[in-house]
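# Survey of secondary and tertiary structure
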Protein chains: 2
Amino acid sequence: MTPTGHALETALAYHRAWSGHDLDAAMALVAPDIVCDAPAGPVEGIDAFRAFMGPFAAMTLRTEILGAFGDDETAVVLYDTTTTLVAHAPGAERLRVVDGLIVRMTIVFDRLPFARARAAS
Amino acid sequence: MTPTGHALETALAYHRAWSGHDLDAAMALVAPDIVCDAPAGPVEGIDAFRAFMGPFAAMTLRTEILGAFGDDETAVVLYDTTTTLVAHAPGAERLRVVDGLIVRMTIVFDRLPFARARAAS
């Protein structure tokens, strides 16, 4: 895991912020017109993005970065999380960064254990 | 997307092979004792890994790499796929490579649309 490039710095700062439950600090790294390709579909604009990430950040107990790389424009981060609903919930992101702000994000995670946990509760 | 490092070369060759439906070529890049952390749980050994990846590869119509980086030991690849079951099914992998063979892999993908598609058919 060799951090290289400005996009990765932003991606890791964003990760530290949301996983540390500092949503304001996380959103300070997000462009107002972010387009996020999330598992359930596109999330457009920082308000919708905050509404999408907030609940997940709130239920996240810990994260561990398993791989993180990038160059000046793009970063990819793959991490594990422990959440209040699901004990082992890895996720991955590909982020595009312009002038220190995340303008585009693709998020991959497995919604199935969350759907099962919600159905069981 | 700047390919750097030997792990990424192996990761991309593996990706090209399975997405091109050449499972033999893909498995030639996998260590016999691979440990794969897959969405449904650990998959251990190349036989179990081939049985896990084969059906997914067979249903994959196309893939597009959205981000791929690595160093000498580790690579992270995030990609979109179009499959016969689900039209837009992104996935991500973190791969550890030793002597040109993938010894460890963490795969992230969203099983929910696949579960829904199977339930509907």
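Not measured: the values here are computed from a predicted model.

Looking only at helices and strands, chain A features four helices and six strands. A compact globule built from 121 residues should have a C-alpha radius of gyration of about 14 Å, and chain A, at 14 Å, falls within 12% of that. A total of 121 residues make up chain A; the buried ones form 55% of that total. Summarising the internal contacts of chain A: among those between residues at least 6 apart in sequence, 50% fall at separations of at least 24. Both charge centroids of chain A, one from 9 positive and one from 15 negative side chains, sit 8 Å from each other.

Before going further, it helps to examine the sheet that holds strand 6 (residues 101–109) of chain A. Whether parallel or antiparallel, the strands of a sheet pair through hydrogen bonds between backbone atoms. All names here are of chain A. Read across the sheet, six strands follow the order 2-1-6-5-4-3 without closing on themselves; strand pairing throughout is mixed. Of all the strands in the sheet, just strand 2 (41–44) and strand 3 (60–70) have a single pairing partner and so form its edges. In this sheet, neighbouring strand axes are inclined to one another by 20° on average, regardless of whether the strands run parallel or antiparallel. Taken together, the eight bridges between strand 5 (residues 91–98) and strand 6 define a ladder with antiparallel strand orientation. Considered in strand 6, the bridge of glutamate 93 is made with isoleucine 107. Sheet contacts for helix 1 (residues 6–19): strand 1 (30–38), strand 3, strand 4 (74–83), strand 5 and strand 6; angle to strand 3, the most-contacted strand, approximately 175°.

A word on the environment of Thr60(A). Residue and element names in this part refer to chain A. With respect to the helices and strands, the residue threonine 60 is situated in strand 3. Using a relative accessible area of 1% as the deciding quantity, one classes threonine 60 as buried. Along the primary structure threonine 60 and serine 19 are separated by 41 residues, whereas in three dimensions their C-alpha atoms are 6.7 Å apart. The contacts of threonine 60, once residues within four sequence positions are left out, are Trp18, His21, Thr81, Thr82 and Thr83. A distance of 2.7 Å separates the side chain of threonine 60 from the backbone oxygen of phenylalanine 56, its partner in a polar contact.

Here we come to the environment of Ala11(A). Residues and elements named next belong to chain A. By the element assignment, alanine 11 lies in helix 1. Taking C-alpha positions, alanine 11 is 19 Å from proline 42, a pair spaced 31 residues apart along the chain. Once residues lying within four places of it in the same chain are set aside, the contact partners of alanine 11 are Ala75, Val77 and Leu95.

Moving on to the interface of chain B and chain A. How big an interface is tends to be stated in terms of the accessible area lost upon association of its parts. Each partner contributes to the interface: chain B provides 28 residues, whereas chain A provides 29 residues. Of the roughly 2200 Å² buried where chain B meets chain A, counting both sides, 65% is carbon and sulfur surface. At the boundary of chain B and chain A, one finds two salt bridges. Between chain B and chain A we count six residue pairs in polar contact (both at pLDDT 80 or more) in total. The set of elements that each furnish at least two residues to the side of chain B that touches chain A consists of strand 3 (60–70), strand 4 (74–83), strand 5 (91–98), strand 6 (101–109) and helix 4 (112–120) of chain B. Taken together, the residues of the side of chain B that touches chain A break down into 14 nonpolar, seven polar and seven charged.

What follows concerns the pattern of salt bridges. One pass over the structure, following the stated rule, counts eight salt bridges over all chains. Where Asp110(B) meets Arg111(A), a salt bridge forms, and the shortest distance between an N and an O atom there is 2.6 Å. With one member in each of two chains, Asp110(B) in the loop between strand 6 and helix 4 and Arg111(A) in the loop between strand 6 and helix 4 (112–120) form a pair that bridges those chains. Considered together, Asp110(B) and Arg111(A) belong to a single accessibility category, that of buried residues. In this structure, Arg62(B) engages Glu64(B) in a salt bridge whose closest nitrogen and oxygen atoms are separated by 3.2 Å. Judged by relative accessible area, Arg62(B) falls into the partly exposed class, the value being 36%.

In the predicted model, chain A carries a mean pLDDT of 95, and the fraction of residues at 70 or more is 96%. Listed scores for the predicted complex are pTM 0.94 and ipTM 0.93.

Rules of the game
Note that residues are indexed from 1 along each chain, following the sequence as it is written. The order in which chains are written sets their letters, starting at A; the order in which ligands are written sets their numbers, starting at 1. Where local features are concerned, this predicted model is filtered to residues with pLDDT of at least 70; where side-chain atom pairs are given and counted, the filter is 80 or more; whole-chain, interface and lining totals use all residues. Each side-chain value is worked out from all heavy atoms of the structure, with water and hydrogens disregarded. Working definition: helices are DSSP H or I runs of at least four residues, strands are E runs of at least two. Numbering for both runs from the N terminus. In this setup the radius of gyration rests on C-alpha atoms only. A globule is expected at 2.2 Å times the number of residues raised to 0.38. The buried label applies to any residue whose accessible area, calculated with a 1.4 Å probe on protein chains only, is under 20% of its type's maximum; exposed applies above 50%, and partly exposed to all values in between. Any two residues whose heavy atoms approach within 4.5 Å are treated as being in contact. Positive charges are assigned to Lys and Arg, negative charges to Asp and Glu, while His and the chain termini are left out of the count. For charged residues, the charge sits on one atom: NZ in Lys, CZ in Arg, CG in Asp, CD in Glu. Only when DSSP finds a minimum of two bridges between them are two strands counted as paired. A fitted line through C-alpha atoms serves as each axis, taken over the contacting stretch for helices, and the angle formed by two N-to-C directions is quoted from 0 to 180°. Residues adjacent in sequence count toward polar contacts only when both atoms are side-chain atoms; beyond that, a polar contact is any pair of N or O atoms within 3.5 Å, and within protein one must be able to donate a hydrogen and the other to accept it. Note on definitions: buried area is the accessible-area loss of two parts on being combined, 1.4 Å probe, summed for both. Any Lys or Arg side-chain nitrogen located within 4 Å of an Asp or Glu carboxyl oxygen qualifies as a salt bridge. Classification used: nonpolar for Ala, Val, Leu, Ile, Met, Phe, Trp, Tyr, Cys and Pro, charged for Asp, Glu, Lys and Arg, polar for all others including Gly. By definition, pLDDT measures how confident the predictor is in each residue, and it falls between 0 and 100.

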